[in-house]
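What follows is the residue order along each chain.
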Amino acid sequence: MSNSVQPKYNGIPVQKSVYLFLGKAMPVIMLFFITIIYSRKLSYDDYGTFQSVWMYTNLLTVTISFGITALLLSSNLSSFFAFAKKHLIKIISAYLLLLMVSMSIFFWYGKNFSIGVKFLLILFVLIQIISTVLETLLIKSHKERIVFIINFIYSLLFFGWHYYILSKGYNLSNLIEGIIILSIARFTGMFFFRQKTSVIPGPLNDKQYFKHWTYLGLNDITGVLSRWIDKLLLVYLLTPGEFALFFNGSFEIPLFGLLVSVVGSVMLIEISKNISTKEKVMQLFKESFRLLSLIVFPLFLFLLFFRFELFSVVFKNKYNASVPIFLISIFILPVRINNYGSILQYYQHGNKIMTGSLLDIILAVILMTLFYPFLGTRGIALAIVLATYCQAFYYLSQSAKVLQTDILSLIPVKALAQTFVLMLMLYTCLYYSLHKASDNLKLSAALMATIIFIFIGLYKYSSKKRSTKYVLISKT
């Protein structure tokens, strides 16, 4: 009967998620290939310094941008621009103060860089922030394909410039100068395709909006600190060469963080656009688990079963000492199958999001202090993994309280267990069937199998959602 059919949200838009993920992932993927090439060609010390560039730029970008991307994603744009216009002087003053403080700290504590390189990195960060804001506005305007095309072209040029610098004689200053020029071109392309948003003043609690913005900014800073706290600590405790060994033990982690971020961004947009009841928010949150598990579980098991082959083939056995750290670090991946703070962000519980990030940092520091004397850098990696699991549990418990439900109602436990057990059986069979093969053959076959598993899973997920939507329309 038509009156018995309830409006139903049919999951995360896969096409939108794919465009967003690929658009944001292309620079990361290219940096992954650059990591492989540079780790083979550069000395341990030069490579360690090169990787510390991305650590510092990530920290500075998130700190100086102070929650602007998260605010744009979770806000009505016309309301945001009306608020920004009303408080323009205060906002500009606050960001200039933040810029000066960040620059001062970086120039004082930044390690292994000349003054000239530090200035170049600050300029690069500022351009990146502007580009990210424009990218977010394009996403809010449903121009994910434009974002993908621009980032795709940028990524190819980004990779080409790195390769050129390496072939002509590696120089960090020249490398950063070229990246700045490419970033300006990327910013210009996004500016060209921007869409003008009308400023419509409406009822808005300015004090609450400021508070929400502040919490989002502080959460972004604590979040990036929690992701880089291990490397930020070790860059001062270890030589550049030792730091390089640790860094390569966790080189894949940013890609998974990006995947979660993209799906979380889509969730926020879909929630603010379509979802009006807590039941539908819960359904969307569970769908995020299902979708991401189809990608994360196969990749986790691939890295777990074929870690030795990966380092043997990819790094030519140069970084075999990183494998024990890598083994511990990848156990952070199974918990990264959702953006756990998305519900809290939508309902404007920025204080709870920030508390979760602080809890993550405090636990990580305590555990690192306890583990490092006995386990060395492996203890640092273990501390980060355990702290992340505790943070995820905290966010789930707080989200359940906001929605007045229990934690298990937010997690599709049966579906996740079935997916993981199936993938575990497949990878176990795959591993033993390739046991006597060469490392190159093992890695190639396992990688191809992983791509197939992910493709089949996403295809079935997308088909199921289309089928469900068709049935609902037919009944209506």
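Here we summarise the structure given alongside this text. All values derive from a computational prediction rather than experimental measurement. (Residues numbered from 1 in each chain as written. Predicted model: local features only at pLDDT ≥ 70, side-chain atom pairs only at ≥ 80, totals over all residues. Heavy atoms only, no water.)

1. Digging into the environment of Leu447
What counts here: Note on conventions: DSSP H or I runs of at least 4 residues are helices, E runs of at least 2 residues are strands, and numbering of each starts at the N terminus.
Mapping Leu447 onto the fold places it in helix α19 (residues 439–475). For Leu447 and Phe306, which are 141 residues apart along the polypeptide, the C-alpha to C-alpha distance reads 9.4 Å.

2. Here's the deal with the packing of aromatic side chains
Test applied: Classification of ring pairs rests on two measures: the distance between centres of Phe, Tyr or Trp rings, Trp counted by its six-membered ring, which must be within 6.5 Å, and the angle between planes, read as stacked under 30 degrees, edge-to-face over 60 and tilted in between. Both a distance and an angle decide whether a charge sits over a ring: NZ of Lys or CZ of Arg must be within 6 Å of the ring centre and within 35 degrees of the ring normal.
Here the structure, examined in full by the defined rule, presents 38 aromatic pairs. Between Phe187 and Phe191 the ring centres are 6.2 Å apart and the planes differ by 45 degrees, which places this aromatic pair in the tilted class. Placement of both Phe187 and Phe191 in helix α8 (residues 172–192) is noted, with a separation of four residues, approximately one turn of the helix. When the ring centre of Tyr44 is taken as reference, the NZ or CZ atom of Lys318 above it lies at 5.3 Å.

3. Concerning the packing of helix α9 (residues 206–237) against helix α16 (residues 350–375)
For clarity, the cut-off: Every angle, taken between N-to-C directions, lies between 0 and 180 degrees, and every axis is a line fitted to C-alpha atoms, over only the stretch in contact when it is a helix. Working rule for angles: under 35 degrees goes down as roughly parallel, over 145 as roughly antiparallel, 65 to 115 as roughly perpendicular, anything else as oblique. It is the rotation of the near helix from the far one that decides the hand of a crossing: anticlockwise by less than a right angle makes it left-handed, clockwise makes it right-handed. For this analysis, residues touch if any pair of their heavy atoms sits within 4.5 Å. Charged means Asp, Glu, Lys or Arg here, nonpolar means Ala, Val, Leu, Ile, Met, Phe, Trp, Tyr, Cys or Pro, and polar covers whatever is left, Gly included.
Here α9 crosses α16 at 15 degrees, and the two axes come no closer than 7 Å. The angle between the axes of α9 and α16 places the two elements in the roughly parallel class. Crossing handedness for the pair α9 and α16: left-handed. Between α9, through Tyr215, Leu218, Asn219, Thr222, Gly223, Leu225, Ser226, Ile229, Asp230, Leu233 and Leu234, and α16, the contact on the second element is made entirely by Gly350, Asn351, Ile353, Met354, Ser357, Leu358, Asp360, Ile361, Ala364, Val365, Met368 and Tyr372. In the contact of α9 with α16, the residues fall into 14 nonpolar, seven polar and two charged.

4. With respect to the side chain of Gln128
Inclusion rule: Partly exposed describes any residue whose relative accessible area lies between the buried limit of under 20% and the exposed limit of over 50%, with all areas from a 1.4 Å probe on protein chains only and scaled to the type maximum.
On the secondary structure map, Gln128 appears in helix α6 (residues 115–140). On the basis of relative accessible area, Gln128 is assigned to the buried category, the value being 17%. Once residues within four sequence positions are removed from consideration, Gln128 is found in contact with Tyr154, Ser183 and Arg186.

5. Quick word on the pattern of salt bridges
Any two side chains of opposite charge can pair, on the condition that their charged atoms come close. The cut-off we apply is this: Salt bridges are identified by distance alone: a Lys or Arg side-chain nitrogen within 4 Å of an Asp or Glu carboxyl oxygen.
Taken as a whole and assessed by the stated rule, the structure comprises four salt bridges. The shortest N-O distance in the salt bridge between Lys231 and Asp230 comes to 3.6 Å. Here Lys231 matches Asp230 in class, with each residue buried. The salt bridge partner of Lys442 is Glu309, with a shortest N-O separation of 3.4 Å. Of the two residues, Lys442 sits in helix α19 while Glu309 sits in helix α13 (residues 307–314), which places them 133 residues apart along the sequence. Grouping residues by exposure puts Lys442 and Glu309 together as buried.

6. Concerning the nonpolar core
Put simply, the rule is: Here, the term nonpolar core denotes a set of buried Ala, Val, Leu, Ile, Met, Phe, Trp, Tyr and Cys residues that are joined through side-chain atoms within 4.5 Å.
Judged by nonpolar contacts, the single largest core of 109 residues is most densely connected at Tyr38, Tyr340 and Tyr427. Of all hydrophobic cores here, the second largest spans 13 residues; its members include Ile68, Phe83, Ile91 and Leu137.

7. Things to note about empty space enclosed by the protein
A probe matching the size of a water molecule, rolled over the atoms, marks out where space remains unfilled. Quick note on the threshold: A cavity, in this analysis, means grid points on a 1 Å lattice covering only the protein atoms where a 1.4 Å probe fits yet has no way out; a pocket is instead an open set bounded by protein on both sides within 12 Å along at least five of seven lines, and a residue lines either one if it has an atom within 4 Å of a point. Grid points are joined across faces, edges and corners, and a volume is the space filled by probe spheres set on the points.
As enumerated under the stated definition, the model contains two cavities of 30 Å³ or more in all. One number sums up the size of the largest cavity: a volume of about 50 Å³. As for the largest cavity, its lining consists of Phe50, Val53, Trp54, Leu121, Phe124, Leu172, Leu175, Ile176 and Ile179. Within the residue set of the lining of the largest cavity, elements represented by two or more residues are α2 (44–65), α6 and α8. With four residues, the top contributor of residues to the lining of the largest cavity is α8. Here the lining of the largest cavity is built from residues that sort into nine nonpolar, no polar and no charged.

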